[in-house]
Amino acid sequence: METNKSVQEPDEEKKSRWKQLIKKFGIGGIIFFTVKGIITSTLIYFLGKNFWTIISDYFSGIFQ
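Residues numbered from 1 in each chain as written. Predicted model: local features only at pLDDT ≥ 70, side-chain atom pairs only at ≥ 80, totals over all residues. Heavy atoms only, no water.

Some details on the overall build of the protein chain
Part 1 of the argument: Each helix and strand in the protein chain was counted, giving two helices and zero strands.
Part 2 of the argument: The buried share of the protein chain, taken over its 64 residues, is 3%.
Part 3 of the argument: Of the roughly 6,300 Å² that the protein chain leaves accessible, carbon and sulfur atoms contribute 65%. (Helix = DSSP H or I, 4+ residues; strand = E, 2+ residues; numbered from the N terminus. Buried < 20%, exposed > 50% of the residue type's maximum accessible area, 1.4 Å probe, protein only. Areas by Shrake-Rupley, 256 points an atom, 1.4 Å probe, with all protein chains shown as cover.)

Printed below as a string of structure tokens:
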């Protein structure tokens, strides 16, 4: 009995984790956080290419 329960617990944890997330945030919340993550990743990628140029221009503009 104990061995059978320990084998079944990880499956129940995975299902209950998703169920908890859906209950907590709802479908709209999960879509929102997914889109937010995609936008944030895209901004980091494109701003990362010119990051030092943007920072140096900003500080040179302040100190002039």
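And the narrative resumes.
Some points on the packing of aromatic side chains
Part 1 of the argument: Per the counting criterion, the structure on display carries two aromatic pairs.
Part 2 of the argument: Consider the rings of F25 and F33, whose centres lie 5.2 Å apart with planes at 75 degrees: the pair is edge-to-face.
Part 3 of the argument: Given a relative accessible area of 37%, F25 falls into the partly exposed group.
Part 4 of the argument: Consider the rings of F32 and F33, whose centres lie 5.3 Å apart with planes at 70 degrees: the pair is edge-to-face.
Part 5 of the argument: Overall, F33 belongs to the partly exposed group, its relative accessible area being 42%.
Part 6 of the argument: Taken together, the ring pairs in this structure connect F25, F32 and F33 into an aromatic cluster. (Phe/Tyr/Trp six-rings, centres within 6.5 Å; stacked < 30°, edge-to-face > 60°.)

Structural notes on a nonpolar patch on the surface
Part 1 of the argument: Taken together, the side chains of I22, I27, I31, V35, I39, L43, L47 and I54 present a nonpolar region at the surface, about 720 Å² in accessible area.
Part 2 of the argument: Relative to the elements of secondary structure, I54 occurs in helix α2 (residues 51-63). (Patch = residues over 30% accessible without salt bridge, like charges linked within 9 Å, V, L, I, M, F, W, Y side chains within 5 Å. Salt bridge = Lys/Arg side-chain N within 4 Å of Asp/Glu carboxyl O.)

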